Structures are given as structure tokens and as C-alpha cells.
Amino acid sequence: QKEVEQDPGPLSVPEGAIVSLNCTYSNSAFQYFMWYRQYSRKGPELLMYTYSSGNKEDGRFTAQVDKSSKYISLFIRDSQPSDSATYLCAMSGQGAQKLVFGQGTRLTINP
Amino acid sequence: DTAVSQTPKYLVTQMGNDKSIKCEQNLGHDTMYWYKQDSKKFLKIMFSYNNKELIINETVPNRFSPKSPDKAHLNLHINSLELGDSAVYFCASSPRTSGTEQYFGPGTRLTVT
């Protein structure tokens, strides 16, 4: 079993829809949670960074962490075609010095 | 201004050859990383350096040798290339040794024939 599980998709939704992307994890030591966006043939770009449980909002993006369920989510409101990309979750434990990534979910927003 | 840059962007070479990939960051970060991303998009850490010192070496074959001449540069040399080395290699940097908040370069697409 991988430390971080993420459905690779693909996920295809119409423009304007609310998108929900999720990851589950098995290591209870994880405390830092990140979402990266990767466009085709580009490097991953840091979107959201949260520490421990709770919600964080940035514009159309909301990250949620539920440590009791070992489950994290990224919500995209009013999705745009420019949001079409692969979204990777990543997490790290205290003092771990490295990130563990999910496989990434490929998302397409259709105009 | 490019924050994390890598050269070359594409690299096509034959089995058995030796090649190098270079990475530079102008963010002033102390920590740099090499990752390998396979065809299924799975991103896996290979090495991490903090201020020129190796801190992570993730069971990578010793054909791969990183080198950090200063804290802004991290290079990757690969000896005796194999077909299975074909992948995209990403360099990243972080302002924290905890590994959080990593900023990635554009990647080097290596194809071994």
C-alpha cells in the first residue's frame, strides 16, 4: 500500500462546476499538506500549503485537511478551462525533510 | 526571472552513455532536490542537499551522482545510462529543511534509446 493514495482520473467536468480532488494517506505522522498543479510538460507549481487539520482558502481554491480520517481535499470553485492540469497532493511529517507525493489526478475543464 | 532553471530541457542519448543535468535557483534557498517523474506521473524524490551537504539519498543506484558546487546549484550526473532511466527529472528548491514549500524547475526529459 502506498503512503499516499490519489485517484489518477482522468476527471472531466464542465466549465463553472465545483471540482473536488482528494487524497488519502496512511502515515499519521504527516502534518504538512500541499497541493501542486502541473500543466502538461511543465514543472509542478505550489498551489496551497496547510499545516495540520482545518481549511484554507485562496481565491477559488479551498484546501481541507481531516487528520482523523487521514483525508485531504482540494476544492476548485467556478472552474475554468485554464484549471485543466494534473493536481498532485504532497505531504510531510515533522522533521521528515522530504515530501511524499500522490500520483496526481488529471483534470480537464470543458468549455 | 526564472526561479529554478534546468539544462538541458530535452536529452536523448544511447544506453551506456554518461550524461549530466544542471540546476540553478535564484531564490536564495538553502535546500535543493532532485526528483524523478515516471510515465505514470509518479514523482519520487532522489536526493536532497542542504547548503551543499547531502541530506537525503533515496536508494538510488550509485550510477546517479549528485553534486552541489554551491547552494544555488545542484547537478546530477548519470553513468552508464539504462532504458529504465528514461523519465522527466525535476530539480526543486525550498526555503525550509522540512521539505515543505518546494519550488520546481521546468524539468529535463531524458530519453534513453
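Definitions and limits used
- Residues numbered from 1 in each chain as written.
- Chains lettered and ligands numbered in written order.
- Predicted model: local features only at pLDDT ≥ 70, side-chain atom pairs only at ≥ 80, totals over all residues.
- Heavy atoms only, no water.
- Helix = DSSP H or I, 4+ residues; strand = E, 2+ residues; numbered from the N terminus.
- Rg over C-alpha atoms; globule rule 2.2 N^0.38 Å.
- Buried < 20%, exposed > 50% of the residue type's maximum accessible area, 1.4 Å probe, protein only.
- Disulfide = S-S within 2.5 Å.
- Pairing = 2+ DSSP bridges.
- Axes fitted to C-alpha atoms, helices over the stretch in contact; angles between N-to-C directions.
- Core = buried A, V, L, I, M, F, W, Y, C linked by side-chain atoms within 4.5 Å.
- Contact = heavy atoms within 4.5 Å.
- Buried area = accessible area lost by both parts, 1.4 Å probe.
- Salt bridge = Lys/Arg side-chain N within 4 Å of Asp/Glu carboxyl O.
- Polar contact = N/O pair within 3.5 Å; in protein donor to acceptor, adjacent residues only side chain to side chain.
- Nonpolar A, V, L, I, M, F, W, Y, C, P; charged D, E, K, R; others polar.

What follows deals with the overall build of chain A. Scanning chain A from terminus to terminus reveals 0 helices and 11 strands. When the elements of chain A are put in sequence order from the N terminus, they spell out β-β-β-β-β-β-β-β-β-β-β. Expected size for 111 residues packed as a compact globule is a radius of gyration near 13 Å; at 13 Å, chain A falls within 12% of this value. C-alpha extents for chain A along the principal axes are approximately 40 × 25 × 20 Å. Each of the 111 residues in chain A was classed as buried or not, and the buried ones make up 43%.

Turning to the state of the cysteines, a few remarks are in order. Counted by the stated rule, this structure contains 2 disulfides over all chains. The partner cysteine of C23 of chain A in its disulfide is C89 of chain A, sulfur to sulfur 2.0 Å. Around the S-S axis, the bridge from C23 of chain A to C89 of chain A shows a dihedral of about -100° and counts as left-handed. Here C23 of chain A is found in strand β3 (residues 19-25), whereas its partner C89 of chain A is found in strand β9 (residues 85-93), with 66 residues between them in sequence. Across the disulfide from C23 of chain B sits C91 of chain B; the S-S distance is 1.9 Å. Residues C23 of chain B and C91 of chain B share a disulfide whose torsion about the S-S bond is about -75°; that sign makes it left-handed. Here C91 of chain B lies in strand β9 (residues 87-94) and C23 of chain B lies in strand β3 (residues 19-25), a separation of 68 residues in the sequence. When its relative accessible area of 0% is taken as the criterion, C91 of chain B is described as buried.

On to the sheet that holds strand β7 (residues 64-70) of chain B, then. All names here are of chain B. The antiparallel open sheet is built from 4 strands, whose spatial order is β1-β3-β8-β7. At either margin of the open sheet sits one strand with a lone partner, and together these are β1 (4-7) and β7. Each strand of the sheet is rotated relative to its neighbour by a mean of 20°, with strand direction disregarded. Bridging between β3 and strand β8 (residues 73-78) involves 4 bridges; their strand directions are antiparallel. Following the sheet pairing, S20 is matched in β8 by H77.

Within the largest apolar cluster, 24 residues are counted, with the highest numbers of intra-cluster contacts made by V4, W35, I72, L74, Y87 and M91 of chain A. Breaking this core down by element, the ones donating at least two residues are β3, β4 (30-38), β5 (45-51), β7 (61-66), β8 (71-76), β9 and β11 (105-110) of chain A. For I72 of chain A, the residues in contact, after removing those within four places along its chain, are L21, N22, C23, Y25, F33, W35, Q64, V65, C89 and M91 of chain A. M32, Y49, L76 and L110 of chain B belong to the second-largest nonpolar core, a separate cluster that totals 20 residues.

Let us now look at the interface of chain A and chain B. Every contact between the two is made by 20 residues of chain A and, on the other side, 25 residues of chain B. Where chain A abuts chain B, roughly 1,900 Å² becomes buried across the two surfaces, and 56% of that area is made up of carbon and sulfur atoms. Sorting the residues of chain A by area buried against chain B places R41, Q97 and F101 of chain A first, and these three jointly supply 31% of that buried surface. If you look at where chain A meets chain B, you find 1 salt bridge. Its salt-bridge partner being E58 of chain B, residue K98 of chain A comes within 3.0 Å of it at the nearest N-O pair. Taken together, the connections running from chain A to chain B amount to 3 residue pairs in polar contact (both at pLDDT 80 or more). If you list the elements that add at least two residues to the side of chain A that touches chain B, you get β4, β5 and β9 of chain A. For the side of chain A that touches chain B, the element with the highest residue contribution is β4 of chain A, accounting for 4 residues. Looking at the side of chain A that touches chain B, its residues break down into 10 nonpolar, 6 polar and 4 charged.

Looking now at the sheet that holds strand β6 (residues 54-58) of chain A. Residue and element names in this part refer to chain A. Ordered in space as β1-β3-β8-β7-β6, the 5 strands form an open sheet in which the pairing is antiparallel. Of all strands in the sheet, those bounded by a partner on one side alone are β1 (4-5) and β6. For β1 and β3, the ladder comprises 2 bridges, and the chain directions are antiparallel. Residue pairing in the sheet places E5 in a bridge with T24 of β3.

By themselves, these are just geometric observations and shouldn't be taken as functional.
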